[in-house]
Amino acid sequence: MSVAIESPVTRVRQDADQSNMDRLSINTIRTLSMDGVQAANSGHPGTPMAMAPVAYCLWQQFLRFDPQDPVWPNRDRFVLSIGHASMLLYSLLHLTEVRAVSKDYETLGEVSVPLDAIKTFRQLDSRCPGHPEYRWTSGVETTTGPLGQGVATSVGMAIARQWLAARYNRPDFENLFDFNVYALCGDGCMMEGISHEAASLAAHLRLSNLCWIYDNNHITIEGNTHLAFTEDVATRFIGYGWNVTRVGDANDLDMLARAFRTFQNCKDRPTLIIVDSHIGYGAPHKQDTSGAHGEPLGEEEIRLAKRNYGWPEDAKFYVPDGVYDHFRQGIGKRGQELRDNWFAQIDEYRKQYPELAEELFRMQHRQLPEGWDRDLPIFPADSKGLATRESSAKVLNAAAKNIPWLIGGAADLAPSTKTRLTFDGAGDFEADNYAGRNFHFGIREHAMGAILNGMSLIKVRPFGSGFFIFVDYMRGSLRLSALMELPVIYVFTHDSIGVGEDGPTHQPIEQLAHMRSMPGLILIRPGDANEVTEAWKVILQLHHAPAVLALTRQAVPTIDRTKYAPAAGLARGAYILADAPGGDPEVILIGTGSEVSLCLDAYEQLTKEGVRARVVSMPSWELFDDQDKSYRESVLPPSVKARVSVEQASDFGWSKYTGSEGQHVGIDTFGASAPLKQLLKKFGINAEHVVAAAKNQIARRRSIK
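Remember, predicted model here, so these are calculated numbers, not experimental data. (Residues numbered from 1 in each chain as written. Predicted model: local features only at pLDDT ≥ 70, side-chain atom pairs only at ≥ 80, totals over all residues. Heavy atoms only, no water.)

1. A short note on the packing of aromatic side chains
A complete count under the given rule lists 32 aromatic pairs for this structure. Arranged with centres 5.8 Å apart and planes meeting at 80 degrees, the rings of Tyr 56 and Phe 327 form a pair that is edge-to-face. One end of the pair, Tyr 56, is in helix α2 (residues 46–62); the other, Phe 327, is in helix α11 (residues 323–352), and 271 residues separate them in sequence. By relative accessible area, which is 1% here, Phe 327 ends up buried. For the pair Phe 177 and Trp 342, a centre-to-centre distance of 6.2 Å together with 65 degrees between the ring planes defines the contact as edge-to-face. Note that Phe 177 is positioned in the loop between α5 (149–168) and β4 (181–185) and Trp 342 in helix α11, a separation of 165 residues in sequence. Taking the ring centre of Trp 621 as reference, the NZ or CZ of Arg 516 above it sits at 4.2 Å. The positively charged end of Arg 572 is found above the aromatic ring belonging to Tyr 631, 3.7 Å away from the centroid. (Phe/Tyr/Trp six-rings, centres within 6.5 Å; stacked < 30°, edge-to-face > 60°. Helix = DSSP H or I, 4+ residues; strand = E, 2+ residues; numbered from the N terminus. Buried < 20%, exposed > 50% of the residue type's maximum accessible area, 1.4 Å probe, protein only. Lys NZ or Arg CZ within 6 Å of the ring centre and 35° of its normal.)

2. Details of the sheet that holds strand β9 (residues 271–276)
Strand order in the open sheet formed by five strands is β1-β4-β5-β9-β8, with parallel pairing between adjacent strands. The open sheet has two edge strands with one neighbour each: β1 (77–80) and β8 (243–247). The average angle at which neighbouring strand axes cross in this sheet is 20 degrees, direction not considered. Two elements, β8 and β9, share five bridges in a ladder whose sense is parallel. What sits directly across from Asn 243, in β9, is Thr 271. The strands touched by helix α9 (residues 253–265) within the sheet are β4, β5 (210–216), β8 and β9, with β8 carrying the most contacts at an inclination of about 170 degrees. (Pairing = 2+ DSSP bridges. Axes fitted to C-alpha atoms, helices over the stretch in contact; angles between N-to-C directions. Contact = heavy atoms within 4.5 Å.)

3. Concerning the environment of Glu 604
Mapped onto the elements of the fold, Glu 604 is located in helix α19 (residues 596–608). The spatial distance from the C-alpha of Glu 604 to the C-alpha of Ala 687 is 9.9 Å, given a sequence separation of 83 residues. Apart from residues lying up to four places away in sequence, Glu 604 is in contact with Lys 563 and Tyr 564. There is a polar contact of 3.3 Å between the side chain of Glu 604 and the side chain of Lys 563. (Polar contact = N/O pair within 3.5 Å; in protein donor to acceptor, adjacent residues only side chain to side chain.)

4. A short note on the packing of α5 against helix α15 (residues 445–457)
Where α5 contacts α15, the axes come no closer than 6 Å and their chain directions differ by 55 degrees. By the angle between their axes, α5 is oblique relative to α15. For the pair α5 and α15, the crossing hand works out as right-handed. Contacts from Gln 149, Ala 152, Thr 153, Val 155, Gly 156, Met 157, Ile 159 and Ala 160 of α5 reach α15 at His 446, Ala 450, Ile 451, Asn 453, Gly 454, Met 455 and Leu 457. Of the residues assigned to the contact of α5 with α15, the class counts are nine nonpolar, six polar and no charged. (Parallel < 35°, antiparallel > 145°, perpendicular 65-115°, else oblique. Left-handed = near helix turned anticlockwise from the far one by under 90°. Nonpolar A, V, L, I, M, F, W, Y, C, P; charged D, E, K, R; others polar.)

5. Considerations on the sheet that holds strand β21 (residues 643–646)
Paired through their backbone hydrogen bonds, the strands of a sheet run either parallel or antiparallel. Taken together, the five strands give an open sheet; going across it, the order is β18-β20-β19-β21-β22, and neighbouring strands pair in mixed fashion. Each end of this open sheet is capped by a strand with a single partner; those strands are β18 (575–578) and β22 (663–665). The sheet shows a mean angle of 30 degrees between the axes of neighbouring strands, direction not considered. Direction of pairing for strand β19 (residues 587–591) relative to strand β20 (residues 613–617): parallel, over a ladder of five bridges. Residue pairing in the sheet places Leu 589 in a bridge with Val 615 of β20. Where helix α24 (residues 687–704) meets the sheet, it contacts β19, β21 and β22, and its direction lies at approximately 175 degrees from that of β22.

6. Some thoughts on α15
Compared with the 18 Å implied by 1.5 Å per residue over 13 residues, the 19 Å span of α15 between its first and last C-alpha is a close match. Within α15, twelve of the 13 residues are buried, leaving the element largely enclosed by the surrounding structure. Considered for burial, the residues of α15 that qualify are Glu 445, Ala 447, Met 448, Gly 449, Ala 450, Ile 451, Leu 452, Asn 453, Gly 454, Met 455, Ser 456 and Leu 457. Immediately beyond the C-terminal end of α15, within one or two residues, lies Lys 459, with a positive phi of roughly 90 degrees. (Expected span 1.5 Å × (residues − 1).)

7. A closer look at the side chain of Thr 28
Mapped onto the secondary structure, Thr 28 falls in helix α1 (residues 8–40). Not counting chain neighbours up to four residues away, the residues in contact with Thr 28 comprise Leu 95, Trp 311, Tyr 318, Val 319, Pro 320 and Val 323.

8. Concerning the pattern of salt bridges
Evaluation of the coordinates by the stated rule reveals 40 salt bridges. A salt bridge links Arg 362 to Glu 358; its shortest N-O distance comes to 2.9 Å. Taken together, the residues span about one helical turn, with Arg 362 and Glu 358 both in helix α12 (residues 354–364) at a distance of four residues. Residue Glu 358 is classed as partly exposed on the basis of its relative accessible area of 39%. A single network of salt bridges, built from pairs that share partners, joins Asp 495, Arg 516, Arg 525, Glu 595 and Glu 647. (Salt bridge = Lys/Arg side-chain N within 4 Å of Asp/Glu carboxyl O.)

9. Things to note about the pairing of β20
Burial of β20 is extensive: five of the five residues sit out of reach of the surface. What you see with β20 is no split at all: Ala 613, Val 615 and Ser 617 on one side and Arg 614 and Val 616 on the other are buried throughout. Note that β18 and β20 share three bridges and pair antiparallel. Residue pairing for β20: Ala 578 is matched across the bridge by Val 615. Viewed along the sheet, the connection from β19 through α19 into β20 turns out right-handed. (Right-handed = clockwise from strand over helix to strand, strands pointing away.)

This is the structure we're talking about:
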């Protein structure tokens, strides 16, 4: 039998052809990026020019991703943490012909990033906005822009994969969930504090499925990084406990491939690949300068760069013959095979593990299990009551027993926020137990928010908790939850001066107004234990909005619902809790949270004095504003101008409901360090002041008439 032997000449020719196609594809990424930025007269061309070989090597050789189905669950995730380099990602999405997906995750017939979208980079309604936007452009795994957010979010993605694998992988299905997470970051990401928090936790958890690729180009907008950044990044990450490797030349495809294989072979820690690059590579006057960072190169510099690439100098948005097909034969073919094999595996999995398969289906479609709310507690009336953080603990544990993918924890405050899952089998998520459902984020609020976003992007249902005052530390991450329409759950306790002796640094005043001002976020401040139950019902059924649950440290009475309206009214944001005879009030008292009971006390006193008062519990402005006009006006009749709002916080925004002449019982300064009773007396947060305000409002309206 004869054996065909490939001649050295044939092999050299094939290697040369492959090398030429590699170079042609890389330069196509570079030139599309340059041309897109130039056409927009805005953007960041230098990083795509430098990192095109890195992204090309990863996508073409290693990334397990199917451009025809960019949302299949076990795909590798690629996060462009350096979001200003968005044209790098858009060029990849275009050349690999990633298909567009609807919000219902139905694959559409069109490509996600057509060439016309690149030509209209940064223009109104383009599929290529200035920074990558989740839900806007299929193939974008997370919104990035604020530096450091992408890498921190990638930690959440990697965590979620480890949890999914621990719960759902089974004998003969060990690879059901085994995807990797890659994040491309730069000097800015490394400087931002959030990346330090996230990297530290990733190492502690030994997330071996996580790879950060660090573009080490030494350039920021102001100039060379030596102006402000001289630390040894490699040593820092080794200190964290990461596996660190280095590629000395971003153009060396062999060394890049070796680095990616090193990551894939590392099974006990995350990997950092440091890639030395030249920003604006190929641009003769702007390479290695800040001029290639935040502005277009200019037509002449682009021509010279293209000349260096051996490119037609005057050709714009040029994709040479063979490039599309090259990507189809690389990532396209490999990705489709991986995707098809995975779905075939799921078919078999469904036969052997139907209950787990049903869980996966519901989780991926953000559906709740049947009977998820069957054990939620109903609390008896109690004048002493309990803190809403305490009642929340009971509701959370009841719900989590029936929703296996409801997982989360606290920034080192679970004993105080009462968010620990205590039922049998809940366990702790740690490096030696990825099946645990209690997470310990450490004192890392900012990273916790981004990590929760990453977990939610993988479709588990995460919650995170802390003291309400520390929302200031994580507002950037929370804002991205809202921007991406992710149903992340934030449980914030110690929601007022009820913190007491801890003093002004721990007493939230303006934080409620901050949260209410954020588009797409739902804030709920329940007034008693049964409103807490109703709040969790609302939150757990959200699909496209994050929620903040603001809870008390101090006990609040559990309202007698046989005397006053049912707590189910919370679902509409505000409801009439107690009313004047005949539903004809002359003054309306509006309260939230712990102050609702003060409104009821004032109501009883006013009623005894013959004053026709109405009490409105308004736990959520956002839910109330979503109601139709007739309902809103039935709760707050326009004819009743005498109104008092009661809340231990800034009155900013309350005039929307009280009117410009309404009165607010609240706090217009920072708190103080003292026992709670002394604080309430000092700041006038009591029923007597509410009664006085109500009478003042009535008198004012009568004098106007």
